[in-house]
Amino acid sequence: MENVVIFNHPLIQHKISILRDKRTGTNEFRSLVEEIAMLMGYEALRDLPLEDQEVETPLETCMTPMIAGKKLAIVPILRAGLGMVNGILALVPSAKVGHIGLYRDEVTHEPHEYYCKLPTPIDQRTIVVTDPMLATGGSAVEAVDFIKQHGGKHIKFMAIIAAPEGLERLRKAHPDIQIYVGHLDRCLNDEAYICPGLGDAGDRIFGTK
Ligand code: PRP
Ligand code: URA
């Protein structure tokens, strides 16, 4: 699976284990989601384009590489994807942020769109779509469909936990995107929750039920 990166870094694995613990409260959960997104982002953004710029050091003037232009867009899938945005913004503060609002129908588990706003123009940007959970893959596929319909080309999808079913569905639907997963879990249960997972990511980030 050459377009999939599954992280085995001990820091990421440790932090995901704390997320899974049902005793972890909202405050700590939120901080951990942000930290994991930053660690994953460090790797996911290793191909950001650079351009040499002139800088005067205390000793001399030199040409030295800087991130080229303001080319990054972060697009969280609402709600839970929002929790990952600040982690990536900590790495690239100038990134633009779009939003895609999707919720899963509790019975069919199919995604329903309720909000979409992307930075324009989107076609020249590297787009990082964030969502902590890749379960059936329905939300991820729909979000990437939408971004492509609006001209997005260079798309990366970042999930903290994925189910094998969702990862496969996203790979098949969008073989051209790069997918980053913090941990690949065992399976989905009958309610399409990831097992062992961490429960409902949106509720745990925002303290709702
Ligand atoms: C969760 C999660 C993903 C989606 C994953 O969102 O944050 O967006 O489910 O499931 P899928 O892969 O089967 O589509 P949810 O619909 O619960 O909305 P919320 O973030 O507003 O809680
Ligand atoms: N969405 C979540 O928040 N958790 C799951 O396990 C599946 C979908």
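Here, every reference points to the structure presented above.
These notes cover the structure that comes with them.

About the cut-offs
- Residues numbered from 1 in each chain as written.
- Chains lettered and ligands numbered in written order.
- Predicted model: local features only at pLDDT ≥ 70, side-chain atom pairs only at ≥ 80, totals over all residues.
- Heavy atoms only, no water.
- Buried < 20%, exposed > 50% of the residue type's maximum accessible area, 1.4 Å probe, protein only.
- Helix = DSSP H or I, 4+ residues; strand = E, 2+ residues; numbered from the N terminus.
- Arc of directions from axis to C-beta.
- Contact = heavy atoms within 4.5 Å.
- Salt bridge = Lys/Arg side-chain N within 4 Å of Asp/Glu carboxyl O.
- Near = heavy atom within 4 Å.
- Polar contact = N/O pair within 3.5 Å; in protein donor to acceptor, adjacent residues only side chain to side chain.
- Areas by Shrake-Rupley, 256 points an atom, 1.4 Å probe, with all protein chains shown as cover.
- Nonpolar A, V, L, I, M, F, W, Y, C, P; charged D, E, K, R; others polar.
- Phe/Tyr/Trp six-rings, centres within 6.5 Å; stacked < 30°, edge-to-face > 60°.
- Lys NZ or Arg CZ within 6 Å of the ring centre and 35° of its normal.
- Core = buried A, V, L, I, M, F, W, Y, C linked by side-chain atoms within 4.5 Å.

### Remarks on helix H5 (residues 164–173)
Item 1. Three or more residues of H5 are buried, namely Gly166, Leu167 and Leu170. The arc enclosing the buried residues of H5, seen along the axis, measures out at 100°, which places them on a common side.
Item 2. In the core, the buried residues of H5 are packed alongside strand E1 (4–6), strand E9 (133–134), helix H4 (138–149), strand E10 (154–162) and strand E11 (178–184).

### Looking at the pattern of salt bridges
Oppositely charged side chains can pair when the atoms bearing their charge come close.
Item 1. The final tally for this structure, using the stated rule, is nine salt bridges.
Item 2. The salt bridge partner of Glu43 is Arg46, with a shortest N-O separation of 3.0 Å.
Item 3. Glu168 is the salt-bridge partner of Arg171, the closest N and O atoms lying 3.1 Å from each other. One end of the pair is Arg171 and the other is Glu168, both in helix H5 and three residues apart, which spans about a single turn.
Item 4. Members of the salt-bridge network, linked through shared partners, are Glu168, Arg171 and Lys172.

### Let's talk about the site of ligand 1
Item 1. What surrounds ligand 1 is a group of 16 residues, the closest being Arg104, Asp131, Thr136, Gly137 and Ser139.
Item 2. Between Arg79 and ligand 1, the recorded distance is 2.9 Å, taken from a side-chain N or O atom to an oxygen atom.
Item 3. A distance of 2.8 Å is found between an oxygen atom of ligand 1 and a backbone nitrogen or oxygen belonging to Gly137.
Item 4. Compared with its free state, where it exposes 500 Å², ligand 1 has 90% of that area covered by protein.
Item 5. Elements with a contribution of two residues or more to the shell around ligand 1: strand E4 (72–78), strand E6 (99–104), E9 and H4.
Item 6. Across the shell around ligand 1, the residue classes break down as seven nonpolar, five polar and four charged.

### Observations concerning the packing of aromatic side chains
In this description, a pair of aromatic rings is defined by centroid distance and the angle of the planes.
Item 1. According to the stated counting rule, one finds two aromatic pairs in the structure shown.
Item 2. Taken together, a centroid distance of 6.4 Å and an interplanar angle of 35° make the contact between Phe7 and Tyr180 tilted. Of this pair, Phe7 sits in the loop between E1 and helix H1 (10–20) while Tyr180 sits in strand E11, placing them 173 residues apart in sequence. Here the two residues Phe7 and Tyr180 agree in accessibility, since each one is buried.
Item 3. Between the NZ or CZ atom of Arg104 and the centre of the ring of Tyr193, over which it lies, the distance is 5.6 Å.

### Some thoughts on the nonpolar core
Item 1. Of all hydrophobic cores here, the largest spans 34 residues; its most connected members are Leu19, Met40, Leu72, Ile88, Met158 and Ile160.
Item 2. Elements with a minimum of two residues in this core: H1, helix H2 (26–44), E4, helix H3 (82–89), E10 and helix H6 (201–206).
Item 3. Top contributing element to this core by residue count: H2, with seven residues.
Item 4. For Leu72, the contacting residues outside a window of four places in its chain are Leu45, Leu48, Ile88, Val92, Ala95, Lys96, Arg125, Thr126 and Val128.
Item 5. By size, the runner-up hydrophobic cluster in this structure holds 26 residues, among which are Ile100, Leu118, Ile122 and Phe157.

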